[in-house]
Amino acid sequence: MLRGDDPVEALVRGFGKLDGLFLSAAQTRKSRAGLSFEHHVKRLLVDGRVLHEAQIAVGARRPDFVLPDVAALNDPQRTESLILSLKTTLRERWKQLGLERRHGAVFLATVDDRVSTPAIEEMARNDIVLVVPESLKKSKEAVYEKQDKVITFRDFFHDQIRTRRPALLLAG
């Protein structure tokens with residue numbers, strides 16, 4: 001700012017630059033949050049001895065995780081395969097998951113506490129199972145508590161993998 005410039009006028013003139021800087025910072029933060037979420041879920045899969053491939057091309061899409069692998073997902077005879085997609089916030093982006101579908105089930109994990117009941121119902125109609133942390137499932141601020149179509153990470157790993165799809169576990 002030059003001497004004698006009105007600070008408000010300078011702010012107005014420089015708003016485009018400030019806005020770009022703030023947008024860049026917000027995008028960086030969101031990107032880091034998504035990457036952190038992905039690393040945490042990968043650690044759960046590794047520690048749980050769950051067979052998976054990360055970021056593998058499935059047609060034109062690249063889901064976060066394919067269990068056990070893309071070959072099984074593309075094989076109509078293999079019923080245990082599934083896609084696990086991650087989104088820190090959903091908005092309408094969950095609708096992209098229909099494009100990732102092959103022969104396996106589709107699970108969408110999120111830490112978003114603002115998903116509406118109609119969106120959950122639409123996901124269920126599209127055979128997408130929403131997975132959330134237990135704290136969100138129990139939260140009074142989110143709508144998940146009374147939603148049978150929303151499962152916790154514990155349900156995902158215990159019921160969906162260990163009980164229903166034991167072939168997804170490493171032997172031994």
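Here's a quick rundown of the structure. (Residues numbered from 1 in each chain as written. Predicted model: local features only at pLDDT ≥ 70, side-chain atom pairs only at ≥ 80, totals over all residues. Heavy atoms only, no water.)

### Topic: the sheet that holds strand S3 (residues 82-87)
Sheets are built from strands that pair by backbone hydrogen bonding, the pairs being arranged parallel or antiparallel. Our working rule: Two strands are counted as paired when DSSP detects at least two bridges linking them. Working definition: helices are DSSP H or I runs of at least four residues, strands are E runs of at least two. Numbering for both runs from the N terminus. Note on definitions: a residue-residue contact is assigned when non-hydrogen atoms from the two residues lie within 4.5 Å. Think of each axis as a best-fit line through the C-alpha atoms, taken over the contacting stretch in the case of a helix, with angles from 0 to 180 degrees between the N-to-C directions.
Taking strand neighbours across the sheet as the criterion, the 6 strands line up as S1-S2-S3-S4-S5-S6 in an open arrangement whose pairing is mixed. The sheet is open, and its two edges are formed by strand S1 (53-54) and strand S6 (150-152), each paired on a single side. Examined bridge by bridge, S1 and strand S2 (residues 65-67) share 2 bridges and lie antiparallel to one another. Residue Ala54 lies in a different strand from S2, and its bridge partner there is Phe65. Contacting strand S4 (105-110), strand S5 (128-132) and S6, helix H4 (residues 117-125) runs over the sheet at an angle of about 130° to S5. Lying on the sheet, helix H6 (residues 153-163) is in contact with S2, S3, S4, S5 and S6; it crosses S6 at an angle near 90°.

### Concerning unusual backbone geometry
A negative phi angle characterises most non-glycine residues, just as the trans form characterises most peptide bonds. The omega angle of the peptide bond from Leu67 to Pro68 is -5°, so this bond is cis rather than trans. Relative to the helices and strands, Pro68 is located in the loop between S2 and helix H3 (70-73). The backbone of Arg49 shows a phi angle near 60°, a positive value even though the residue is not glycine. Along the chain, Arg49 falls in the loop between helix H2 (15-47) and S1.

### Concerning the pattern of salt bridges
It is possible for side chains bearing opposite charge to pair when their charged atoms get close. Here is the rule: The salt bridge criterion pairs a side-chain nitrogen of Lys or Arg with a carboxyl oxygen of Asp or Glu, the two atoms within 4 Å.
Applying the stated criterion to the full structure yields 7 salt bridges. The salt bridge partner of Arg78 is Glu80, with a shortest N-O separation of 2.7 Å. A salt bridge links Lys138 to Glu134; its shortest N-O distance comes to 4.0 Å. With Lys138 and Glu134 both in helix H5 (residues 134-138) and 4 residues apart, this pair spans about one turn of that helix. Overlapping salt bridges bring together Asp112, Asp113 and Arg114 as one network.

### A look at the pairing of S5
Filter applied, for reference: Accessible area is worked out with a 1.4 Å probe on protein chains only. A residue is then buried under 20% of its type maximum, exposed over 50%, and partly exposed in between. Consider the strands pointing away from the viewer: the crossover is right-handed when the path from the first strand over the helix to the second runs clockwise.
Counting buried positions along S5 gives 4 out of 5 residues, so the element sits mostly inside the fold. Direction of pairing for S4 relative to S5: parallel, over a ladder of 4 bridges. Within S5, the position partnered with Phe107 by the bridge is Val129. With H4 bridging S4 and its parallel neighbour S5, the resulting β-α-β unit is right-handed.

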